[in-house]
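Below, each chain spelled out in residue letters.
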Amino acid sequence: MNPPVVKQRTVSSAGGSTRVIAVMPFATRPGLVAVGSDAGMTADEVAELLANFMAEALAANGARVISPSDLATAFLSEQRPVARRDPPAAAELAASRFGATSVVMGEVLRWRERKGEAYGTNRPASVAYEMTLYQAPVPRRLWSARFDHTQRTLLADPLTARKYPGGGTRFLTAAELARWALGQSAASLMEGQWRAAQ
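Residues numbered from 1 in each chain as written. Predicted model: local features only at pLDDT ≥ 70, side-chain atom pairs only at ≥ 80, totals over all residues. Heavy atoms only, no water.

Novice: For the pattern of salt bridges, give the residues involved together with the corresponding values.
Specialist: Taken as a whole, this structure holds nine salt bridges when the rule is applied. In this structure, the salt-bridge partner of Arg 152 is Asp 157, at a minimum N-O distance of 2.9 Å. Several salt bridges converge on common partners, so that one network encompasses Arg 110, Glu 130, Arg 146 and Asp 148. (Salt bridge = Lys/Arg side-chain N within 4 Å of Asp/Glu carboxyl O.)

If you want it as structure tokens, here you go:
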């Protein structure tokens, strides 16, 4: 059996903690450079993109979601730095301002765009990120996920490649690879691979 591409781990459980999920703006690894992006994306733009993908994926799976931009605005309105790496501050603000029962915090570890086209590339897209779900307002760690993957061809890894958008028939952009992985995490979180205690 092929191991999952997105590795997830339940740390704890708490009933009702996925009722209202706030998605914090993601952080970036110090020194992260968005490699090979034709659009010229900065590391901060990549982090914003991934946080928005996670918010969209959670909403598509039935969660009530507080967006990263709403959380950033709330921190800035209080003249505080956005708490990208501060679970207590993020969980407290998300609960008090928006009624969030949990908060997702993430970090982009690698972002490398494919070099070439969809049907022929010299270098496939490669993305790595970590994220954690914390209970709010007290930031007890509930769940975590890690994605660290470079796209593989159908010939090299048919079991994994068939799972990609397009069934492995083309090379994905880094954004497509990240959106797919975040969608997988959101779906398993909301569909019960991570089960909160009732």
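Novice: Quick rundown of helix 2 (residues 68–77)? Include the residues and the values.
Specialist: Of the residues making up helix 2, those classed as buried are Pro 68, Leu 71, Ala 72, Ala 74 and Phe 75. Looking straight down helix 2, one finds that the buried residues subtend no more than 160° of arc, so they occupy a single side. Among the exposed residues of helix 2, those oriented more than 90 degrees off its buried face are Thr 73 and Leu 76. Each element contacted by the buried residues of helix 2 is listed here: strand 2 (20–23), helix 1 (43–60), strand 4 (64–66) and helix 3 (87–98). Where helix 2 terminates, the next one or two residues include Gln 79, which has phi positive at roughly 55°. (Buried < 20%, exposed > 50% of the residue type's maximum accessible area, 1.4 Å probe, protein only. Helix = DSSP H or I, 4+ residues; strand = E, 2+ residues; numbered from the N terminus. Arc of directions from axis to C-beta. Contact = heavy atoms within 4.5 Å.)

Novice: Talk me through the side chain of Ser 126; I want residue IDs and the actual numbers.
Specialist: Within the fold, Ser 126 resides in strand 8 (residues 126–135). Relative accessible area serves as the criterion here: at 0%, Ser 126 is assigned to the buried category. Engagement of the side chain of Ser 126 in a polar contact is seen with the side chain of Arg 110, the distance being 2.7 Å. Discounting chain neighbours no more than four positions away, the residues touching Ser 126 are Arg 110, Trp 111, Arg 112, His 149, Thr 150 and Leu 177. (Polar contact = N/O pair within 3.5 Å; in protein donor to acceptor, adjacent residues only side chain to side chain.)

Novice: If you had to explain the side chain of Thr 101 to someone new, which residues and values would you point to?
Specialist: Its place among the elements puts Thr 101 in the loop between helix 3 and strand 5 (102–112). At 3.0 Å, the side chain of Thr 101 forms a polar contact with the backbone oxygen of Ser 17. Thr 101 has contacts with Gly 16, Ser 17, Thr 18, Arg 19, Val 20, Gln 135 and Ala 136, leaving out every residue within four places of it along the chain.

Novice: Now, about the packing of aromatic side chains: what can you tell me, with residues and values included?
Specialist: Evaluated as defined, the whole model comprises three aromatic pairs. Where Phe 147 meets Trp 180, the ring centres are 6.4 Å apart and the plane angle is 75°; that geometry is what we call edge-to-face. Separated by 33 residues along the polypeptide, Phe 147 in strand 9 (residues 141–150) and Trp 180 in helix 5 (residues 174–191) bring together distant segments of the chain. Comparing Phe 147 with Trp 180 shows no difference in burial state: the two are buried. Ring centres of Tyr 164 and Trp 180 lie 5.3 Å apart, and the angle between their planes is 75°; on these two criteria the pair is classed as edge-to-face. Pair noted here: Tyr 164 is in the loop between helix 4 (158–161) and helix 5 and Trp 180 is in helix 5, with a separation of 16 residues, a long-range link. Of the residues examined, Tyr 164 reaches a relative accessible area of 2% and is grouped as buried. Among the aromatic side chains, those forming a connected cluster through ring pairs are Tyr 129, Phe 147, Tyr 164 and Trp 180. (Phe/Tyr/Trp six-rings, centres within 6.5 Å; stacked < 30°, edge-to-face > 60°.)

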